Amino acid sequence: MKLTGVRQDADMTLSQHDRLRNLLLALSDAALDLANDGVVLAHPREGSALGLVIAPSLRSKAAHVEALACAVLRHAGVSWDAMAGRYDVTRQSLHRRLSAATDQVAQDAQRFAAGHELSVQQELGLLVVACERLQQNFDSALDAAPEAWEARRKTPGWWWERT
């Protein structure tokens with residue numbers, strides 16, 4: 001219990017600027033992670049096959065990005081009413097759906113700022129490589145994709161095999 005008090009005191013020493021910076025860093029980290037998965041899905045030959053495999057993870061990552069974006073907006077002074085207006089929902093329904101997650105990601109962003117900073121650099125590197133690889137062979141992969149999908153369609157149970 002004392003540890004919790006110490007952690008809260010440490011959070012209190014951070015300036016509003018530092019807290020917002022840490023939230024923005026966590027948001028960048030989460031968004032880049034989601035973007036990397038999006039690049040994987042963009043591959044014409046393999047992306048669709050992976051789509052259902054990683055869809056639950058994508059939903060979870062997108063919800064995490066949404067909570068972090070909400071936390072950034074809240075820390076920047078945007079009201080629940082203003083955000084609800086953007087979503088075209090009531091303030092109460094938005095608050096009920098996002099407030100707990102927003103509070104949690106805001107705390108985690110402060111605790112794990114160094115990890116987010118390292119992860120952003122790694123995610124950026126992965127994204128650059130994945131985009132370059134996709135760009136280099138996109139046309140050839142797209143040209144070959146219809147035949148690959150036609151062959152899969154004729155192979156019973158192909159979707160259970162690793163592609």
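Residues numbered from 1 in each chain as written. Predicted model: local features only at pLDDT ≥ 70, side-chain atom pairs only at ≥ 80, totals over all residues. Heavy atoms only, no water.

Colleague: Please clarify how the pattern of salt bridges should be interpreted in this entry.
Modeller: Any two side chains of opposite charge can pair, given that their charged atoms come close. One pass over the structure, following the stated rule, counts eight salt bridges. In this structure, Glu 66 and Arg 97 form a salt bridge, with 2.9 Å as the shortest nitrogen-oxygen distance. Of this pair, Glu 66 sits in helix α3 (residues 47-75) while Arg 97 is found in helix α5 (residues 91-111), placing the two residues 31 residues apart along the sequence. When its relative accessible area of 46% is taken as the criterion, Arg 97 is described as partly exposed. Where Lys 154 meets Glu 150, a salt bridge forms, and the shortest distance between an N and an O atom there is 3.8 Å. Classification of Glu 150 by relative accessible area gives partly exposed; the value is 32%. Among the charged side chains, a network of salt bridges with common partners joins Asp 33, Asp 37 and Lys 61. (Salt bridge = Lys/Arg side-chain N within 4 Å of Asp/Glu carboxyl O. Helix = DSSP H or I, 4+ residues; strand = E, 2+ residues; numbered from the N terminus. Buried < 20%, exposed > 50% of the residue type's maximum accessible area, 1.4 Å probe, protein only.)

Colleague: Can you help me understand the side chain of Gln 110 in this one?
Modeller: Take Gln 110: it is sitting in helix α5. At 3.0 Å, the side chain of Gln 110 forms a polar contact with the side chain of Asn 22. (Polar contact = N/O pair within 3.5 Å; in protein donor to acceptor, adjacent residues only side chain to side chain.)

Colleague: Would you explain the side chain of Asp 29 in this entry?
Modeller: Mapped onto the secondary structure, Asp 29 falls in helix α2 (residues 16-41). Polar contacts involving the side chain of Asp 29 include one to the side chain of His 116, which spans 2.8 Å. Look past the residues within four positions of Asp 29 in its chain and what remains in contact with it is His 116, Ser 119, Val 120 and Glu 123. (Contact = heavy atoms within 4.5 Å.)

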